[in-house]
Amino acid sequence: MSTVSTRAPARAPRTTRSRPQPGRRRRREQHWPAYVFLSPWMIGAVVLTLAPMAVSLYLSFTDYNLFDPPHWIGLRNYTEMLTDDPRYWRSVGTTMLYVVIAVPLKLGVALGAAILLKNLGRGRAFYRSAFYAPSLLGASMSIALVWRALFNDGGSVSGLLDAVGIHAGGWVGNPHLAVYVVVLLTVWQFGAPMVIFLAGLQQISPDLYEAASLDGAGRWRQFVSVTVPMLSPVVFFNLVLETIQSFQVFTPAFVITGGKGGPADSTNFYTLYLYERGFTASHMGYASAMAWLLLIAIALVTLILFRTSRSWVFYAGEDGR
């Protein structure tokens, strides 16, 4: 007798949808307030930085005079700049001379002041504030005007040098000395790197100096063998910041020279020449190309500093040093 099977047919396996884990969903819910608070910065970065950079990159390939619509000319601005503009190369040379002189001098004065303040017992807070004040005031138009009056013909510096028998005249009108007026104004603003150096010096353990003293090391030897290696990350940090800022010097040169980069283009820094081509001559496409080459140059110099830092920057606890 045949029996009929009462077994139910096999069901297809049920597909289950992957549900987000409660922890992950909770984290997403916790993150949205952060995006809300970050949104003003993100909007500002796009509207005020990224979008103008994109427009500037486009204008660098055009002939644009601020009044007529931009006309696409390809690489003509770049080729003219690099091959047919002697004033451009003079501005590059002036800027490089300024960077090579001003940055080491400023960092040297800042480090020396930081060492003096570290060893100072009383009045450290007062002197630290007094030395830092020029960094807040030095970039202003008023200080640059005062600096111009000091170094102009008949100014205080000229009169002081005449009194000791050095007849150099006004530095501002001397093609060989005008750039050093801007250098001295930059070095005078040593307060910001000084504060960073002082913070780094205070982090060096006194035990290192005590051990070096027990080994017979004098003050100079302790500075070379202990202070400089332990402070090298701070030196590198200040070096990168000051180098980038020095390539962008504008206000002191503009005020001291009256915006003309004189005499004989001796203070015609890169950014000052960029301003002249863009806003005085209304060659905004050319100025945009200059700005992008400056960005590339700063990026390359920064990359070189980072690559070379491997051989002289010491990090405590790092093997192979």
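For the structure, check the block above.
Residues numbered from 1 in each chain as written. Predicted model: local features only at pLDDT ≥ 70, side-chain atom pairs only at ≥ 80, totals over all residues. Heavy atoms only, no water.

With respect to the overall build of the chain
Right, on to step 1. Helix and strand counts for the chain come out as 13 helices and 2 strands.
Right, on to step 2. Per-residue burial for the chain yields a buried fraction of 35% across its 321 residues.
Right, on to step 3. Sequence separation of at least 24 residues holds for 66% of the intrachain contacts in the chain that already meet a minimum separation of 6.
Right, on to step 4. Accessible area of the chain: about 20400 Å², with a carbon and sulfur share of 64%. (Helix = DSSP H or I, 4+ residues; strand = E, 2+ residues; numbered from the N terminus. Buried < 20%, exposed > 50% of the residue type's maximum accessible area, 1.4 Å probe, protein only. Contact = heavy atoms within 4.5 Å. Areas by Shrake-Rupley, 256 points an atom, 1.4 Å probe, with all protein chains shown as cover.)

Quick notes on the environment of Ala110
Right, on to step 1. Position of Ala110 among the secondary structure elements: in helix α3 (residues 86–118).
Right, on to step 2. On the basis of relative accessible area, Ala110 is assigned to the buried category, the value being 0%.
Right, on to step 3. Between the C-alpha atom of Ala110 and that of Gln189, which follows or precedes it by 79 residues, the distance is 9.0 Å.
Right, on to step 4. Setting aside anything within four residues of it in sequence, one finds Ala110 in contact with Phe190, Pro193, Met194 and Phe197.

Notes on the nonpolar core
Right, on to step 1. Counting residues in each nonpolar core, the largest one holds 58 residues, and the members touching the most others are Met81, Tyr98, Phe197, Tyr270 and Met290.
Right, on to step 2. In terms of residue count, the dominant contributor to this core is α3 (11 residues).
Right, on to step 3. If we ignore the near neighbours within four places in the chain, the residues touching Met81 are Tyr88, Trp89, Tyr270, Tyr286, Ala289, Met290 and Leu293. (Core = buried A, V, L, I, M, F, W, Y, C linked by side-chain atoms within 4.5 Å.)

Side note on the packing of aromatic side chains
Right, on to step 1. What the rule picks out here adds up to 19 aromatic pairs.
Right, on to step 2. Ring plane angle 50° and centroid distance 5.7 Å describe the contact between Phe131 and Phe190, whose orientation is recorded as tilted. Within this pair, whereas Phe131 is found in helix α4 (residues 124–137), its partner Phe190 is found in the loop between α7 (178–188) and α8 (191–202), the two being separated by 59 residues in sequence.
Right, on to step 3. On the numbers, 5.6 Å between centres and 35° between planes, the contact of Trp147 with Phe151 is tilted. Taken together, the positions of Trp147 and Phe151, both in helix α5 (residues 141–151) and 4 residues apart, correspond to about one turn of that helix. (Phe/Tyr/Trp six-rings, centres within 6.5 Å; stacked < 30°, edge-to-face > 60°.)

A look at α7
Right, on to step 1. Of all 11 residues making up α7, 8 are buried, and the element is well covered by its neighbours.
Right, on to step 2. Within the span of α7, buried status applies to Ala178, Val179, Val181, Val182, Val183, Leu185, Thr186 and Val187.
Right, on to step 3. Where the residues of α7 are buried, they touch α3, α5 and α11 (251–256).

Some words on the packing of α3 against helix α12 (residues 270–280)
Right, on to step 1. Taken N-terminus to C-terminus, the directions of α3 and α12 make an angle of 150°; their axes are 8 Å apart at the nearest point. Relative to α12, the element α3 lies roughly antiparallel. Contacts between α3 and α12 involve Arg87, Tyr88, Ser91, Val92 and Thr95 on the former and, on the latter, Tyr270, Tyr273 and Glu276.
Right, on to step 2. Classifying every residue of the contact of α3 with α12 gives 4 nonpolar, 2 polar and 2 charged. (Axes fitted to C-alpha atoms, helices over the stretch in contact; angles between N-to-C directions. Parallel < 35°, antiparallel > 145°, perpendicular 65-115°, else oblique. Nonpolar A, V, L, I, M, F, W, Y, C, P; charged D, E, K, R; others polar.)

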